[in-house]
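Here's the letter readout for the chains.
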Amino acid sequence: MTSQRTQELIQSDKEHQVHPWWITGQAITRVFEKGHGIYLVDTEGQEYMDFASQLICSNLGHRCQEINEAITAALDKIDYVTNFYGQTNVYAVELSRKLAQITPGGLKRFYYTCGGSESTDTALKLARAYWYFKGQAAKYKIISLYDSYHGLSGFSMNVTGLGGGRMHSPFGPAPAGYLRVPSYYEYRSMFGDVPDSGLLSAQFMEKVIQKEGAASIAAFIAEPILGSGGHIVPPDGWWSMVTEICRRNNILLIVDEVMTGFCRTGKMFASEHWDLKPDIMTMAKGITAAVLPFGGVAFSDEVYSAFEGKPFPHGFTYTAHPVCCAASIATIDYYLKNQVAENAAKIGLHITKRLEKEFLPLPCVGLIDGRGLFQAVELVTDKEKKTPISIEQNGILIQKLAEKGIWTRIQGPALNRLEICPPCIITVEEADKALDIIKSVLTEFKPS
Ligand SMILES: Cc1ncc(COP(=O)(O)O)c(C=O)c1O
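Below, the structure is looked at part by part.

## Remarks on the sheet that holds strand β4 (residues 109-113)
Judged by pairing direction, the sheet is mixed, and its 7 strands sit side by side in the order β4-β10-β9-β8-β7-β5-β6 without closing on themselves. If you trace the sheet from one side to the other, it starts and ends with β4 and β6 (178-181), each paired once. Direction aside, neighbouring strands of the sheet carry axes that sit 20° apart on average. For β4 and strand β10 (residues 295-299), the ladder comprises 5 bridges, and the chain directions are antiparallel. For threonine 113, the partnering residue across the bridge sits in β10 and is glycine 295.

## Details of helix α11 (residues 322-337)
Taking 1.5 Å per residue as the helical rise, α11 with its 16 residues ought to reach 22 Å, and the 22 Å between its terminal C-alpha atoms agrees with that figure. Within α11, 13 of the 16 residues are buried, which leaves it mostly tucked inside the rest of the structure. One or two steps after α11, the chain reaches glutamine 339, where phi turns positive at roughly 45°.

## Some words on the packing of helix α4 (residues 90-102) against α11
One can describe the packing of α4 onto α11 by two numbers: an axis separation of 8 Å at closest approach and a directional angle of 35°. Handedness of the crossing formed by α4 with α11: left-handed. Along the contact surface, α4 presents Tyr91, Ala92, Glu94, Leu95, Lys98 and Ile102, while α11 presents Pro322, Cys325, Ala326, Ser328, Ile329 and Ile332. Residues belonging to the contact of α4 with α11 are distributed by class as follows: 9 nonpolar, 1 polar and 2 charged.

## Quick look at the nonpolar core
In terms of nonpolar packing, the biggest core is built from 121 residues, with Ala127, Ile254 and Ile280 touching the most fellow members. In terms of residue count, α11 provides more of this core than any other element does, 10 residues in total. The contacts of alanine 127, once residues within four sequence positions are left out, are Ala218, Ala219, Leu252, Ile254 and Ile280.

## Regarding the site of the ligand
Lining the immediate surroundings of the ligand are 15 residues, of which Gly115, Gly116, Ser117, Gly151 and Val258 lie closest. Ranked by residues supplied to the shell around the ligand, first place goes to helix α5 (residues 116-133) with 3 residues. Looking at side-chain class alone, the shell around the ligand contains 5 nonpolar, 8 polar and 2 charged residues.

Reading guide: rules and limits
- Residues numbered from 1 in each chain as written.
- Predicted model: local features only at pLDDT ≥ 70, side-chain atom pairs only at ≥ 80, totals over all residues.
- Pairing = 2+ DSSP bridges.
- Helix = DSSP H or I, 4+ residues; strand = E, 2+ residues; numbered from the N terminus.
- Axes fitted to C-alpha atoms, helices over the stretch in contact; angles between N-to-C directions.
- Expected span 1.5 Å × (residues − 1).
- Buried ≥ 20, exposed ≤ 12 C-beta atoms within 10 Å, placed from the backbone.
- Left-handed = near helix turned anticlockwise from the far one by under 90°.
- Contact = placed C-beta atoms within 7 Å.
- Nonpolar A, V, L, I, M, F, W, Y, C, P; charged D, E, K, R; others polar.
- Core = buried A, V, L, I, M, F, W, Y, C linked by C-beta atoms within 7 Å.
- Near = placed C-beta within 6 Å.

Printed below as a string of structure tokens:
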């Protein structure tokens, strides 16, 4: 029996709030009130293990003391100053110096945003403006992958390849200049059931570049590992093919580390798994472990050189907000001091072994994918035919898991990939406890 307080909160919410990707007008299912470590507590007092780190952003779980203290200390000194008009704040200066020491490929120029979509928008504008200032304004097209997710704001929505019509149709025709190519999702390849379909994605991209003309293409954007698109790791050789194609055709490489960055995949940045050297890299989420809304874009000296000596044609009121910068400094310090990436790698490996040994043989599990604490279980009703679970079964499973104290999501192109993405501070005991519960729910699940 739900308490009167919770019922009133849910009713009031229904009357006044609209939620992202929730049936408008339908009552929400729970109201959270507290969090600690990898746990969240709702207004009924029920505790949940946060096994998707919310939107794969609460990399340090909930209520990390060090971040909270850094925010309070910053607020005691300064609340807000703009980064416009030739001024800045001490936290933004310190954060930039710190980020320059950890970003891949020697990126050391930064621009700050309030989140992932703004970071994508900024990266795309940077890429186009780079060519414009180089006297090649005709190089404006952007290539991205189907199954990718880069945000839903004005520019970013056009490169997001996930969701088909659901994410794009209500907003009218897409502007010109955005091209999408098949992703490397081999299990459900757009090329059909053919060998090496993942690598065909890179070959297809090269053909598109030839047909469109490299002189018209500004950049290629991709996540190092597909995120909302299902935690799909590219096949061996994919990244080296793609980076080589970009270099050979004089196309900027934008790597979107919004979800994969900051320890999530067992490295500080997932780019490190392939030694990627992007021209531009986007960040958000883990940059403050989601404690405050914040993001950034890192770019190379070469990209920077196109803007040097000119006003930078972009800006937001909250760019380089001092309190967010302070939170980010404390977050990065915590990651490094407590070897959080190493923990994600270690626990991730333990989880992979259990998933492969105990979950893969289950009738409803078609595939295990991902890396570090960025993993997914592909759920099917028929292993042979690879039939994805239905949207109703997705909802039932999520509800069953929640009843047993596991909060997670089932995402991906076919909405059938169960996320195994707990906070990167999780212990092996906590991981085992959660996996035991998830396994029991999947074992009871009758796929047909
Ligand atoms: C890879 C990637 N890029 C960009 C975004 C957009 O971030 P935001 O929701 O903060 O705008 C997301 C969000 O999940 C993401 O996963």
